[in-house]
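Spelled out from the first residue to the last, the chains are:
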Amino acid sequence: MEQFFQQLTNGLAVGGIYALIALGYTMVYGVLKLINFAHGDLFTIGAYLGLTLLTSLSLTDRLGPFWGVVALAAMAMGLVALVGALLERVAYRPLRESPRLSAVVSALGASIFLSNAVMLMYGARFHVYPQDLLPKITLDLFGLQLPLVRVLILAASLVMMTALYLFIQKTRIGTAIRAAAIDQGAARLMGIDVDRVILLVFLIGPALGGVAGVMVGIYYGQINFTMGWTYGLKAFTAAILGGIGNIPGAMVGGLLLGVIEAMGAAYISIAWKDAIAFCILIAILIVRPTGLLGERVAEKV
Amino acid sequence: MMDRTKYLYLAGTVVLAAAPAVLNTYWVDVLNNVGMYAILGLSLNLIVGHAGLFNLGHAAFYAIGAYTAAILNSHFHIPVLWLLPLSALTAGLFALMIARPIIHLRGDYLCIVTIGVGEIVRIALINNVFGITGGANGIFGIDRPQIFGWVIRRPQEFYYLIWLFLMVTVFLLQRLENSRFGRALNYLREDETAAEGSGIHTAHYKLMAFVIGAAWAGMVGNIFAAKMTIISPESFSFWESVLMFTLVILGGSGSIPGVLLGALLIIGLPELFRGFANARMAIFGVAMVAMMIFRTGGILPARPRTYRLPQPAAAVEAKP
């Protein structure tokens, strides 16, 4: 029971992080039909920028632990969003009319460049987040111990996901994004500036990915320049699990994947932890290619 | 016209055959790598370039071929080169097994599944699956290949083995391209709906291309195992798949000369930039993006094929 509870909450916290990254994949895929391979590296950049901001501005000393971390997350979001927009402008916009394979290769190239740029700037070794960032409080829930960090991470990701969901569903701009995802040509005819929608998607997605990077730094305490690859792939699996192009799907998929992975690691084998995600991915694509909530149909030919 | 290409090929062969005599061991070894990646690239080209299937997990098949050779050689001492067909068979069977249910998936889904398969294979190898893969340390003590009792040991000797294999590959693939099979692939890549309408069983041809490509990669794996005498899961990371994929796309997918050039550039060029060591990969990434923006089809894109119908003699004479 104890172990189950710990794994469940841990899985939910990690799942929240997966979900935030998955949103970036799914939004870009929804509008551009492109797997943005560089998205995982934007997540890495978020983690590293967060660390730099943290050590250079000493935010938590000035604003207190809670607001300090919030300010840090907001700044990391803003900066990574800019990197994302730049990436779109440089690596993807010129290829919008090209065959899809070219855009995929460009995305791979961008991914290689970004992760190695991080390595050149920060070095190849692991970097450590300060451990006293958030007070080490453990909540006591009917005799079950629950670290505060875990709760905060899950809560923060849920808040951001809800905000995004409301933004997409209720605002005019959100409607424009949905319209562009369904049919770009028709959206253009309705007077929607599709270029701006794409830019916006490349601001929101990376912002969420960047903040996920900061979360991983706080949660696990250490970051590395190659971590974007693993997290990116897991998050992409989460996006497919929920149905790619589908925003609530990415959220559900992320949380589900986090929990399944944590349970698998605890009850099956920790050595096979990374393989579990991929096995699920393949099973989903064979049995139900649209994902759990997906409307988009993987073309059967 | 025909003569010129013939001379070009002849000159190329002479230069290649003479290369080990002029170059030092280090560069011969670089050329060995170029040759191996060229074969891997050509095998992937059949899948990516001809059948139009995004495969970013080609290293998995390469790994299976290598491990087949390594396991059977180290346990039963079967000469490595005898195991070539078996390496091809296991890699091909594995490809058939995994590709059969997913072959109908659209481009990027297939791409992500192949990435997943590549990772699963690597993790399985690390975890010493069935207790025969040696875990993270891999397998060592693989025998050197022998041809009629002559042991191939030095890089210069491997050079001839690998480049001979490459030449055979190019020859066979060229034949394949112009066969009924190759024409069917060309058709379904250009316009799948039309191909299907003309009675081409698209799923069957795609699957065949996938399996043949994978089997070929398995054979390269065999040679790799024999060359290194030690193999470990690290040699078959996702990065290897990316390298193969990139060299196909950069060189020109669907074109044999393009893939050869791609292998030379991707494997050979970074050796020249060893001085930059760390920045090398970053430059590589930028080059990939720039390449796709400025020359989408690759450096030597596949030329549209022209076929002439055999004209009846009377019609030719009737021409003014």
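Numbers given for residues are sequential positions, taken from 1 along each chain in its written order. Labels follow written order: the first chain is A, the first ligand is 1, and so on. Per-residue local features are limited, in this predicted model, to residues with pLDDT of at least 70; the limit for side-chain atom pairs, both in listing and counting, is 80 or more; totals at the level of whole chains, interfaces and linings are taken over all residues.

1. Re the overall build of chain B
(1) Moving on: Only DSSP runs of H or I reaching four residues or more are called helices, and only runs of E reaching two or more are called strands; each is numbered from the N terminus. Helices and strands together make up the secondary structure of chain B, namely 13 helices and 4 strands.
(2) Moving on: Exposure classes come from backbone-placed C-beta atoms, where a residue is buried if 20 or more other C-beta atoms lie within 10 Å of its own, exposed if 12 or fewer do, and partly exposed in between. Split into buried and exposed, the 320 residues of chain B put 47% on the buried side.
(3) Moving on: The contacts in chain B between residues at least 6 apart in sequence include a share of 79% that link residues at least 24 apart. Any pair of residues counts as being in contact when their C-beta atoms, constructed from backbone geometry, are within 7 Å of one another.

2. A word on the overall build of chain A
(1) Moving on: Secondary structure summary: chain A contains 11 helices and 4 strands in total.
(2) Moving on: Only C-alpha atoms enter the radius of gyration; for comparison, a globular chain is expected to reach 2.2 Å times N to the power 0.38, where N is the number of residues. Radius of gyration (C-alpha) of chain A: 19 Å, near the 19 Å computed for a compact globule of 301 residues.
(3) Moving on: Across its three principal axes, chain A shows a C-alpha extent of roughly 55 × 45 × 40 Å.
(4) Moving on: Looking at chain A as a whole, 51% of its 301 residues qualify as buried.
(5) Moving on: Contacts in chain A between residues far apart in sequence, at least 24 positions, make up 77% of those at least 6 positions apart.

3. Some remarks on the confidence of the model for chain B
Should the pLDDT be low somewhere, the predicted coordinates at that spot are not to be read in detail.
Residue and element names in this part refer to chain B.
(1) Moving on: Looking at chain B, pLDDT values average 83 and 94% of them are 70 or higher.
(2) Moving on: The predictor reports its confidence for every residue as pLDDT, a score running from 0 up to 100. Ranking the elements of chain B by mean pLDDT puts helix 13 (residues 313-318) last with 54 and helix 9 (residues 202-228) first with 91.
(3) Moving on: Across the whole predicted complex the pTM is 0.83, and at the interface the ipTM reaches 0.80.

4. Concerning the environment of B:Val168
(1) Moving on: On the secondary structure map, B:Val168 appears in helix 6 (residues 155-177).
(2) Moving on: Distance from B:Val168 to B:Ile39, taken between C-alpha atoms, is 9.8 Å for residues 129 residues apart in sequence.

5. Things to note about the interface of chain B and chain A
(1) Moving on: Between chain B and chain A, the contact holds 35 residues from the first and 38 residues from the second.
(2) Moving on: Put simply, the parts of the chain that give the side of chain B that touches chain A at least two residues each are helix 4 (84-102), helix 5 (107-126), helix 10 (238-251) and helix 12 (280-294) of chain B.

6. Here we look at helix 11 (residues 273-287) of chain A
(1) Moving on: Taking 1.5 Å per residue as the helical rise, helix 11 of chain A with its 15 residues ought to reach 21 Å, and the 22 Å between its terminal C-alpha atoms agrees with that figure.
(2) Moving on: All of the buried residues along helix 11 of chain A are A:Ala275, A:Ile276, A:Ala277, A:Phe278, A:Ile280, A:Leu281, A:Ile284 and A:Leu285. Multiplying 1.5 Å by the helix residue count minus one yields the expected span of that helix.

7. As for the pairing of strand 3 (residues 144-147) of chain A
Residue and element names in this part refer to chain A.
(1) Moving on: Here strand 2 (residues 138-141) runs beside strand 3; their pairing, made up of 4 bridges, is antiparallel. Note that in strand 3 the partner of aspartate 140 across the bridge is glutamine 145.
(2) Moving on: Should DSSP find at least two bridges between two strands, the strands are regarded as paired. Turn length for the strand 2-strand 3 hairpin, with the two strands adjacent in sequence and antiparallel, is 2 residues, and the turn residue phenylalanine 142 shows positive phi of about 50°.

8. A word on the environment of B:Ala38
Residues and elements named next belong to chain B.
(1) Moving on: Along the chain, alanine 38 turns up in helix 2 (residues 25-50).
(2) Moving on: Through-space distance from the C-alpha of alanine 38 to that of asparagine 127 is 30 Å; in sequence the pair is 89 residues apart.
(3) Moving on: Setting aside residues no more than four positions away along its own chain, alanine 38 makes contact with Leu166, Val259, Leu260 and Ala263.

9. Notes on the confidence of the model for chain A
Residue and element names in this part refer to chain A.
(1) Moving on: Summary statistics for chain A give a mean pLDDT of 86 and a share of 97% for residues scoring 70 or more.
(2) Moving on: By mean pLDDT, the top-scoring element of chain A is helix 8 (residues 194-220) (92), and the lowest-scoring one is strand 2 (76).
(3) Moving on: A low-confidence stretch, residues 297-301 stays under pLDDT 50, and its non-local contacts, those more than four residues away or across chains, total 11 contacts.

10. Quick look at unusual backbone geometry
(1) Moving on: Phi at A:Lys33 takes a positive value of approximately 55°, unusual for a residue other than glycine.
(2) Moving on: Note that A:Lys33 resides in the loop between helix 1 (2-32) and helix 2 (39-57).
(3) Moving on: Residue A:Lys33 is classed as partly exposed on the basis of its C-beta count, with 17 C-beta atoms lying within 10 Å.
(4) Moving on: Unusually for a residue other than glycine, B:Thr229 sits at a positive phi of about 60°.
(5) Moving on: Relative to the helices and strands, B:Thr229 resides in the loop between helix 9 and strand 4 (230-231).

11. A word on helix 2 of chain A
Residue and element names in this part refer to chain A.
(1) Moving on: Counted at 1.5 Å a residue, the expected span for helix 2 with its 19 residues is 27 Å, and the 26 Å between its end C-alpha atoms agrees.
(2) Moving on: Here helix 2 lies mainly inside the structure; 14 of its 19 residues are buried.
(3) Moving on: Two residues or fewer past helix 2, serine 58 is found with a positive phi of approximately 40°.

12. Considering the packing of helix 2 of chain B against helix 10 of chain B
Residue and element names in this part refer to chain B.
(1) Moving on: Each axis is a line fitted through C-alpha atoms, and for a helix only the stretch in contact is used; angles between axes span 0 to 180 degrees, taken between their N-to-C directions. At a minimum axis distance of 9 Å, the contact between helix 2 and helix 10 shows a crossing angle of 70°. By the angle class used here, helix 2 and helix 10 are roughly perpendicular. Residues Tyr37, Leu40, Gly41, Leu44, Asn45, Val48 and Gly49 of helix 2 lie in contact with helix 10, whose contacting residues are Leu243, Met244, Phe245, Leu247 and Val248.
(2) Moving on: Think of it as three bins: nonpolar holds Ala, Val, Leu, Ile, Met, Phe, Trp, Tyr, Cys and Pro, charged holds Asp, Glu, Lys and Arg, and polar takes everything else, Gly as well. Of the residues contributing to the contact of helix 2 with helix 10, the split by class is 9 nonpolar, 3 polar and no charged. Note on terminology: angles under 35 degrees are roughly parallel, angles over 145 are roughly antiparallel, angles of 65 to 115 are roughly perpendicular, and the others are oblique.

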